Amino acid sequence: MDTAEKLALLGSAARYEVASERGVRALPPGPRAALCLGDAQDTARDGAPNVLLRVLQSSYCVQDCAYCPLRRGNDPERASFSPEELAHTFADYWQRGRASGLLLSSATDGTPDAAMQRMIDTATLLRYRYQFDGYLHLKVLPGADDAAIDAAAAVADRLSLNLEVPDRVPVNLNTGY
């Protein structure tokens with residue numbers, strides 16, 4: 001699978017990832033589906049609206065969560081980016097003015113810490129090799145240890161995590177059960 005095909009697949013798979021409390025508006029389906037108009041910081045530094053590249057690092061997952069289309073027991077088309085490939089791809093979009101920020105998430109490809117490390121490596125390449133100083137949002141994966149979360153926080157502007165539970169299981173948010 002070439003980079004454009006991966007971007008289409010992994011961008012489409014990231015369509016449920018939200019970039020801000022006010023949300024984002026995805027562009028119509030098609031080759032640009034990974035791009036979305038966002039208001040994570042309302043506007044870019046030059047006053048133009050933010051255009052976020054919303055993408056997964058990988059759609060391979062070791063988890064088998066019943067609600068997730070990427071679960072191990074499902075058989076969707078799968079792909080993954082190496083940190084170098086994704087950083088280069090985003091940097092190209094950014095340098096050509098096609099995206100001003102990145103929202104990066106991933107399925108749990110291996111251990112949570114290994115999957116987080118690939119996202120951190122991508123972000124680190126963007127910050128230091130490509131000198132990207134724009135909006136960078138990373139999703140924290142369930143089960144990631146404190147060191148992975150600290151490393152992600154060191155390179156990202158925003159971290160978030162998804163809390164997903166079956167709709168028939170009572171959850172007490174004060175105790176975590």
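The preceding data block contains the structure.
Keep in mind the model is a prediction, meaning the values are calculated, not measured.

Summed over all chains, the structure comprises four salt bridges. Asp92 is the partner of Arg96 in a salt bridge, and the nearest nitrogen-oxygen pair spans 2.9 Å.

The biggest cluster of nonpolar side chains holds 37 residues, and the ones touching the most others in it are Val55, Leu102, Met116, Leu126 and Leu138. Per-element accounting of this core gives the leading share, seven residues, to helix α3 (residues 112-129). Not counting chain neighbours up to four residues away, the residues in contact with Leu102 comprise Leu52, Leu53, Val55, Phe90, Leu126, Tyr135, Leu136 and His137.

Quick look at unusual backbone geometry now. The phi dihedral of Gln131 is positive, around 60°, even though this residue is not glycine. Mapped onto the elements of the fold, Gln131 is located in the loop between α3 and β5 (135-139). Owing to a relative accessible area of 55%, Gln131 belongs among the exposed residues under this scheme.

Mapped onto the secondary structure, Met116 falls in helix α3. As a C-alpha pair, Met116 and Ala144 span 28 residues in sequence and 7.1 Å in three-dimensional space. Not counting residues within four places of it along the chain, the set of residues in contact with Met116 comprises Lys139, Val140, Leu141, Ala144, Ala148 and Ala152.

Right, let's talk about the environment of Gln117 for a bit. On the secondary structure map, Gln117 appears in helix α3. Looking at Gln117, the relative accessible area reads 37%, which means it is partly exposed. Along the chain, Gln117 and Ala151 lie 34 residues apart, while their C-alpha atoms are 8.5 Å from each other. A distance of 2.7 Å separates polar atoms of two side chains, one belonging to Gln117 and the other to Asp121.

Time to look at the pairing of strand β4 (residues 101-105). Within β4, five of the five residues are buried, leaving the element largely enclosed by the surrounding structure. Crossover handedness for the path β4 to α3 to β5: right-handed.

So, about the packing of helix α2 (residues 83-95) against α3. In a packed pair of helices, the relevant descriptors are the angle between the two axes and the axis-to-axis distance. α3 packs onto α2 with a crossing angle of 40° between their chain directions and a minimal axis gap of 8 Å. Judged by the angle between their axes, α2 and α3 are oblique. Considering how the two elements wind past one another, α2 and α3 form a crossing that is right-handed. Contact residues: Pro83, Glu84, Leu86, Ala87, Phe90 and Ala91 in α2; Arg118, Asp121, Thr122, Leu125 and Leu126 in α3. Classifying every residue of the contact of α2 with α3 gives seven nonpolar, one polar and three charged.

Tracing the chain through its elements places Asp145 in the loop between β5 and α4 (146-155). Linking Asp145 and Pro112, residues 33 residues apart in sequence, is a C-alpha distance of 8.1 Å.

Because each turn of an α-helix spans 3.6 residues, side chains separated by three or four positions end up pointing in the same direction. An ideal rise of 1.5 Å per residue puts 18 Å on 13 residues; α2 measures up with 18 Å between its terminal C-alpha atoms. Every buried residue of α2 is listed here: Pro83, Glu85, Leu86, Ala87, Thr89, Phe90, Ala91 and Tyr93. Just downstream of α2 lies Gly97, where phi reads positive at about 75°.

On to the packing of aromatic side chains, then. Following the criterion strictly, the structure yields two aromatic pairs and no others. Measuring from ring centre to ring centre gives 5.0 Å for Trp94 and Phe132, while their planes differ by 85°; the resulting arrangement is edge-to-face. Here Trp94, found in helix α2, pairs with Phe132, found in the loop between α3 and β5; they are 38 residues apart in sequence, far enough to count as distant. With relative accessibility at 24%, the residue Trp94 sits in the partly exposed group. Take Phe132: its relative accessible area is 1%, and that puts it in the buried class. Taken together through their ring pairs, the aromatic side chains of Phe90, Trp94 and Phe132 make up a single cluster. Positioned above the aromatic ring of Tyr93 is the side chain of Arg96, whose terminal nitrogen or guanidinium carbon lies 5.9 Å from the ring centre.

Reading guide: rules and limits
- Residues numbered from 1 in each chain as written.
- Predicted model: local features only at pLDDT ≥ 70, side-chain atom pairs only at ≥ 80, totals over all residues.
- Heavy atoms only, no water.
- Salt bridge = Lys/Arg side-chain N within 4 Å of Asp/Glu carboxyl O.
- Core = buried A, V, L, I, M, F, W, Y, C linked by side-chain atoms within 4.5 Å.
- Buried < 20%, exposed > 50% of the residue type's maximum accessible area, 1.4 Å probe, protein only.
- Helix = DSSP H or I, 4+ residues; strand = E, 2+ residues; numbered from the N terminus.
- Contact = heavy atoms within 4.5 Å.
- Polar contact = N/O pair within 3.5 Å; in protein donor to acceptor, adjacent residues only side chain to side chain.
- Right-handed = clockwise from strand over helix to strand, strands pointing away.
- Axes fitted to C-alpha atoms, helices over the stretch in contact; angles between N-to-C directions.
- Parallel < 35°, antiparallel > 145°, perpendicular 65-115°, else oblique.
- Left-handed = near helix turned anticlockwise from the far one by under 90°.
- Nonpolar A, V, L, I, M, F, W, Y, C, P; charged D, E, K, R; others polar.
- Expected span 1.5 Å × (residues − 1).
- Phe/Tyr/Trp six-rings, centres within 6.5 Å; stacked < 30°, edge-to-face > 60°.
- Lys NZ or Arg CZ within 6 Å of the ring centre and 35° of its normal.

By themselves, these observations are geometric and do not establish any function.
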